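Architecture at a glance
Here's the letter readout for the chains.
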Amino acid sequence: ALWNHLMSFCQSLGPMESLPVILSVTSSSSSHASSSKEHYKVLVLGGGSGGITMSARMKRRLGAENVAIVEPSEMHYYQPIWTLVGAGAKGVASSGRPTASVVPSGVKWVRSKVQEINPDTNTVRTGNGMEISYQYLIVALGLQLHYEKIKGLPEIEDWVKFKIGSNYSVLTVEKTWSALQNFKEGNAVFSFPNTPVKCAGAPQKIMYLTDAYLRKTGKRAKANIVYNTSLPVLFGVKKYADALWEIVKSRDMQVNLRQNLIEVRADKQEAVFENLDNPGETKVFEYEMLHVTPPMGPNPEVKGSLLADEAGWLDVNKETLQHNKYPNVFGIGDCTNLPTSKTAAAVAAQSSILDRTISKVLKNEKPDSKYDGYTSCPLVTNYNTVILAEFDYSGQPLETFPIDQSKERWTMYHMKADVMPHLYWHGLLKGFWGGPGPYRKIMHLGMK
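Source: prediction; values computed, not measured.

In this section: the overall build of the protein chain. A count of helical and extended segments in the protein chain gives ten helices and 22 strands. Compactness check: the protein chain gives a C-alpha radius of gyration of 22 Å against a globular reference of 22 Å for 448 residues, within 12% of the reference. Expressed as lengths along the three principal axes of its C-alpha atoms, the size of the protein chain is roughly 65 × 50 × 40 Å. Taken across its 448 residues, the protein chain has 57% of its residues classed as buried.

Set out below in structure tokens:
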């Protein structure tokens, strides 16, 4: 029944086959001003998933003329699909659309980087010289990838030649597929850094897909699959970790905990890992294929502002998403210090809560909706199966379907590969999809 509800909802948003990109020169206005001042009731920083969905929601609530969004990128990417791009199951072109096509019509698009945020004066300075004042600020600036923190990696100009890939960047995701196709024999090594990351399941999803591809092409017998993670566990939620350990054992994969990638020696095709439980101890792995998950950190403009916590993340209330010091500032997504996994699914759930929070603040009322930390990680375990992990702040499963979601299922793969992209482009980014909470209540008959 839920499946039918979801499919009906998707179909109501538009035809799934074409997923048309509608470009309109008049749909969104942009600014290239070198020095000017503007004021908006709501200013949104960042044009990723959180920024676009909140722009759409604020447009409906306050009118397009009262909303502006600051974003320098000309392209917007649906990043969760890059797992499948790196494994050759999807094309990278399917992941991107022009930013002009996703900025809500009538909302002012400032095509520039955020240079400085000053919450004391309610102003933001952009890279093109604009100073924008606001009544309310929504920060959705994402996080920063730090490939440069891995010694030897920035100097490598030809990743394909040295059989290195990474599903975390549009510039490197296709290189993962090249490394996989060019694999002959030896170690396929996968890393997980010693920092917070977005989509914490992605580093091991490509491992399972690599195993499946090598089996399909008859190369698995000559391959050693090695997953070196900085974490002390395979996955943060025990129910799903137990299921993943069974897969790892049955498919003869090697998992090494508390191992952090610190150097790549491309000329020797070697990866150097440090043992986090024994400082100073390192181990060198030769590789035939290397998938790098880069260290990640706070957005630099947030980190250098008064809005940041001690670690540099946007300091917000974990239930209302309102800033802990500045009540007219709000946050969503990867840039925040919310203690949950950084995923698009989390953004969806957060968007509905934040919309409600802002609606209350606009009326000078106390926010009453509470974000429970819901996030989701579709753990791709093969080219046709997924374990759909859903959980909350406490790390307890918070599942939508009345079935055991720790089991591999082809229906969940279809959700990941075909339904979720449609929900993203035509539901989340339009401000219509706030996560599966209402469906969960229906499927569980109103029970928690």
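With that settled, the discussion passes to the environment of T195. Relative to the helices and strands, T195 is located in the loop between strand 12 (186-192) and helix 5 (202-216). Assessed through its relative accessible area of 24%, T195 is described here as partly exposed. Measuring from C-alpha to C-alpha, the distance between T195 and L231 comes to 9.5 Å, with 36 residues separating the pair along the chain. If sequence neighbours within four positions are ignored, T195 has contacts with P295 and M296. One polar contact links the side chain of T195 to the main-chain amide nitrogen of M296, over a distance of 3.0 Å.

Moving on, we get to helix 4 (residues 173-181). Inspection of helix 4 places V173, T176, A179 and L180 among the buried residues, and these make up the whole buried set. Down the axis of helix 4, the sector holding all buried residues measures 110 degrees, keeping them to one side. Next to the buried residues of helix 4 lie helix 3 (82-86), strand 11 (164-165), helix 5 and strand 18 (289-291).

What follows concerns the nonpolar core. Residues L45, L137, V139 and F235 are the most contacted members of the largest nonpolar core, which totals 135 residues. When residues in this core are grouped by element, the largest group, nine residues, is from helix 9 (residues 410-428). Setting aside residues up to four positions removed in sequence, L45 forms contacts with V70, V114, I117, V124, L137, I138, V139, A140 and L141.

One can find T210 in helix 5. A residue is classified by how much of its surface remains accessible, and T210, at 0% relative accessible area, is buried. Taking the C-alpha atoms as reference points, T210 and G86, 124 residues apart in sequence, are found 9.5 Å from one another. Not counting residues within four places of it along the chain, the set of residues in contact with T210 comprises L180, A188, F190, I225 and M289. At a separation of 2.7 Å, a polar atom in the side chain of T210 contacts the main-chain carbonyl oxygen of I206.

The subject of this paragraph is the packing of helix 2 (residues 49-62) against helix 8 (residues 344-362). At a minimum axis separation of 10 Å, helix 2 and helix 8 run at an interaxial angle of 35 degrees. Handedness of the helix 2/helix 8 crossing: right-handed. Here helix 2 contributes S49, G50, T53, M54, R57, M58, R61 and L62 to the contact with helix 8, which in turn contributes V347, S351, S352, L354, D355, I358, S359 and L362.

Looking now at the pairing of strand 13 (residues 223-229). Buried residues dominate strand 13, accounting for six of its seven residues. Two elements, strand 12 and strand 13, share seven bridges in a ladder whose sense is parallel. Bridge pairing in strand 13 places F190 opposite Y227. Once the chain exits strand 13 it traverses helix 6 (residues 238-250) before rejoining the sheet at strand 14 (residues 254-257), and the crossover so formed is right-handed.

This part is about the environment of R57. Mapped onto the fold, R57 is located in helix 2. C-alpha of R57 to C-alpha of L180: the two residues are 123 residues apart in sequence and 41 Å apart in space. Here D355 takes part through its side chain, which lies 3.3 Å from a polar atom of the side chain of R57.

Taken in spatial order, the three strands of this open sheet run 15-16-17, and their pairing is antiparallel. Two strands close off the open sheet at either side, each with one partner strand: strand 15 (259-265) and strand 17 (282-286). Within this sheet the neighbouring strands show an average axis-to-axis angle of 30 degrees, counted without direction. The pairing of strand 15 with strand 16 (residues 270-275) spans six bridges and is antiparallel. When the bridges of strand 16 are listed, N260 appears paired with E274.

In this section: the sheet that holds strand 13. With parallel pairing, five strands are arranged side by side in an open sheet as 11-18-12-13-14. Both outer strands of the open sheet, strand 11 and strand 14, are each paired with one neighbouring strand and no more. Note: strand 12 against strand 18, three bridges, orientation parallel. Looking at strand 18, one finds that V189 is bridged to L290.

Below, the discussion takes up the pairing of strand 16. With five of its six residues buried, strand 16 lies for the most part within the structure. Counting the residues that bridge the hairpin from strand 15 to strand 16 gives four residues, and of these Q269 lies at a positive phi of roughly 50 degrees. Where strand 16 lies against strand 17, five bridges are found, and the strand directions are antiparallel. Each residue of the ladder has a partner; that of V272, found in strand 17, is V284.

Another point: the UniProt feature "domain: FAD/NAD(P)-binding" (unreviewed entry) in the protein chain. UniProt's entry tags residues 40-153 with the feature "domain: FAD/NAD(P)-binding" (unreviewed entry), counted in the numbering of this structure. Regarding residues 40-153, the helix share stands at 17% and the strand share at 36%, and the terminal C-alpha atoms are separated by 42 Å.

Counted under the stated rule, the structure contains ten aromatic pairs. A centroid spacing of 5.8 Å and a plane angle of 50 degrees characterise the contact between Y77 and W82, whose relative ring orientation is tilted. On the basis of relative accessibility, which here comes to 5%, the residue W82 falls in the buried class. Measuring from centroid to centroid gives 5.3 Å for W177 and Y213, while their planes differ by 75 degrees, and the two rings are edge-to-face. Of this pair, W177 sits in helix 4 while Y213 sits in helix 5, and the two are 36 residues apart along the sequence. Given a relative accessible area of 23%, W177 falls into the partly exposed group. Three or more aromatic residues joined by ring pairs form one cluster here, namely Y78, Y424 and W425. Sitting above the plane of the Y383 ring, K216 keeps its charged end 4.5 Å from the centroid. The aromatic ring of Y393 is capped on one face by K318, whose charged end is 4.8 Å from the ring centroid.

Criteria and thresholds
Residues numbered from 1 in each chain as written. Predicted model: local features only at pLDDT ≥ 70, side-chain atom pairs only at ≥ 80, totals over all residues. Heavy atoms only, no water. Helix = DSSP H or I, 4+ residues; strand = E, 2+ residues; numbered from the N terminus. Rg over C-alpha atoms; globule rule 2.2 N^0.38 Å. Buried < 20%, exposed > 50% of the residue type's maximum accessible area, 1.4 Å probe, protein only. Contact = heavy atoms within 4.5 Å. Polar contact = N/O pair within 3.5 Å; in protein donor to acceptor, adjacent residues only side chain to side chain. Arc of directions from axis to C-beta. Core = buried A, V, L, I, M, F, W, Y, C linked by side-chain atoms within 4.5 Å. Axes fitted to C-alpha atoms, helices over the stretch in contact; angles between N-to-C directions. Left-handed = near helix turned anticlockwise from the far one by under 90°. Pairing = 2+ DSSP bridges. Right-handed = clockwise from strand over helix to strand, strands pointing away. UniProt positions renumbered as here; feature names shortened; annotations may be inferred. Phe/Tyr/Trp six-rings, centres within 6.5 Å; stacked < 30°, edge-to-face > 60°. Lys NZ or Arg CZ within 6 Å of the ring centre and 35° of its normal.

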